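Here is what each chain is made of, one letter per residue.
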Amino acid sequence: MTEHLTIVTHPLVQHKLSIMRDKNTSTASFRRLLHEISQLLAYEITRELDMTTKTIETPMETMDAPILEGKKLALISILRAGNGLLDGVLELIPAARVGFVGLYRDEETLEPVQYYFKVPENLEDRLVIAVDPMLATGNSSAAAIDLLKQAGAKNIRFMCLLAAPEGVARMKEAHPDVPIVTASLDRCLNDKGYILPGLGDAGDRMFGTK
Ligand code: URA
C-alpha cells in the first residue's frame, strides 16, 4: 500500500458505522456490525497482497491460477477491543496466524502499559495486520507497532474502525511505513482522549461493560 491513510468510504461501511455510533444501538448489534465492517476493511487492507500462480487442472483444462504468495499472514489483535475485529478478518483469511498485544491506557497519563505479548513465529517473513478499532491518541497503537517491530515485523498494516487526526499524526511520526485503513477520520479527541463524534468506549460497547 502506498497511502499512509485510507478511508473506506463504501456506503455499506458508512451505513453500518452510523448505526454503531448511535448510543441506543444494542451490544449485540454493535458486535455484529463491527464483525461485518471488519470484513469490508479486510477486503481493502488486503487489496495489494503479493500474488503468484499455481498450475492447476480445472475440469476443462490446465491453467496457471493466481494464488497468494509467501508465508501466511499474521493478524495481531491489540487487546481487548481488537478482538472485535479479529473474527471477521479470520473468516476471510482462515489460514492467518494470530497474535495478541495487551496494552491498557493509563487514564491519568493516557500512556500505554503492556501486560501481554504473544505473536506468531517468523514475523519478519509475514505481512502483519494489527487491528484495534479506535486510533485515538495513537500512543497505544504506536507502542504496539514498536513491540511488533522489536519482534521482527517489517511489513505491517494497521486496521481501525475510527481514527482521530491526533492518532493519525502520531502514527505517521512514529511509523510512517505503516499504512492505516479506517472507516472514518473523525474530528478530534476530547480532554479524556475519546474520539469525537466517535462512538464511546469501543470495548465497553462490544462487551457490554461500563
Ligand atoms: N478508545 C475508545 O474505545 N474510544 C475512544 O473514543 C477512544 C479510545
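Residues numbered from 1 in each chain as written. Predicted model: local features only at pLDDT ≥ 70, side-chain atom pairs only at ≥ 80, totals over all residues.

**Looking at the environment of T52**
When you line up the elements, T52 lands in strand β2 (residues 51–57). Taking the number of C-beta atoms within 10 Å as the measure of exposure, T52 has 11 and is therefore exposed. For the pair T52 and G70, spaced 18 residues apart in sequence, the C-alpha to C-alpha distance is 8.7 Å. Discounting residues that sit within four places of it in the chain, T52 has contacts with I67 and E69. (Helix = DSSP H or I, 4+ residues; strand = E, 2+ residues; numbered from the N terminus. Buried ≥ 20, exposed ≤ 12 C-beta atoms within 10 Å, placed from the backbone. Contact = placed C-beta atoms within 7 Å.)

**Overview of the sheet that holds strand β8 (residues 134–135)**
Remark on secondary structure: sheet strands pair via backbone hydrogen bonds, oriented parallel or antiparallel. A sheet is described by the order of its strands in space; here 3 strands give the open sequence β8-β10-β12, paired in parallel fashion. Here the strands that pair on one side only, and so sit at the sheet edges, are β8 and β12 (184–185). In this sheet, β12 lies alongside strand β10 (residues 162–163) in parallel orientation, the contact comprising 2 bridges. Opposite A163, over in β12, you have L185 as the bridge partner. (Pairing = 2+ DSSP bridges.)

**Examining the UniProt feature "binding site: uracil" (unreviewed entry) in the protein**
Here, UniProt's "binding site: uracil" (unreviewed entry) annotation points to I195, G200, D201 and A202. You can see D201 is positioned in the loop between β14 (195–196) and α6 (202–207). Excluding residues within four positions of it along the chain, A202 makes contact with A81, G84, P133 and M134. (UniProt positions renumbered as here; feature names shortened; annotations may be inferred.)

**Thoughts on the nonpolar core**
If you look at the biggest cluster of nonpolar residues, it comprises 52 residues, and the most contacted ones within it are V128 and A130. If sequence neighbours within four positions are ignored, V128 has contacts with A74, I76, L123, L148, A153, N155 and I156. (Core = buried A, V, L, I, M, F, W, Y, C linked by C-beta atoms within 7 Å.)

**Concerning the sheet that holds strand β5 (residues 97–105)**
Strand order in this open sheet of 7 strands is β1-β11-β9-β7-β4-β5-β6, and the pairing throughout is mixed. A single partner strand is all that each edge strand has here, and the edge strands are β1 (5–7) and β6 (112–118). Mean inter-strand twist for the sheet, computed between neighbouring axes without regard to direction, equals 20 degrees. In terms of strand pairing, β5 meets β6 through 6 bridges, oriented antiparallel. Counterpart to R105 in the pairing with β6 is P112. Most of the contacts of helix α3 (residues 83–92) go to strand β4 (residues 74–79), to which it runs at about 160 degrees, and overall it touches β4, β7 (127–131) and β9 (155–159). (Axes fitted to C-alpha atoms, helices over the stretch in contact; angles between N-to-C directions.)

**Section: helix α4 (residues 139–150)**
When the terminal C-alpha atoms of α4 are compared, their 16 Å separation across 12 residues agrees well with the 16 Å that a helix rising 1.5 Å per residue should span. Within the span of α4, buried status applies to N139, S140, S141, A142, A144, I145 and L148. Positive backbone phi, at 115 degrees, marks G152, one or two positions downstream of α4. (Expected span 1.5 Å × (residues − 1).)

**Some words on unusual backbone geometry**
For the bond running from L79 to R80, omega is -5 degrees, close enough to zero to count as cis. Topologically, R80 is positioned in the loop between β4 and α3. Here the amide bond leading from L196 into P197 is cis, since omega sits at -5 degrees, within 30 degrees of zero. The phi dihedral of N122 falls on the positive side, at around 55 degrees, and the residue is not glycine. Mapped onto the secondary structure, N122 falls in the loop between β6 and β7.

**Quick look at the environment of I78**
Within the element layout of this structure, I78 appears in strand β4. Taking the number of C-beta atoms within 10 Å as the measure of exposure, I78 has 29 and is therefore buried. Sequence spacing of I78 and L68 is 10 residues, and the spatial spacing of their C-alpha atoms is 25 Å.

**A look at the pairing of β5**
Remember that side chains alternate between the two faces of the sheet whenever the strand is regular. Judged from the 6 bridges that link them, β4 and β5 form a sheet pairing that is parallel. Bridged to I76 within β5 is G99.

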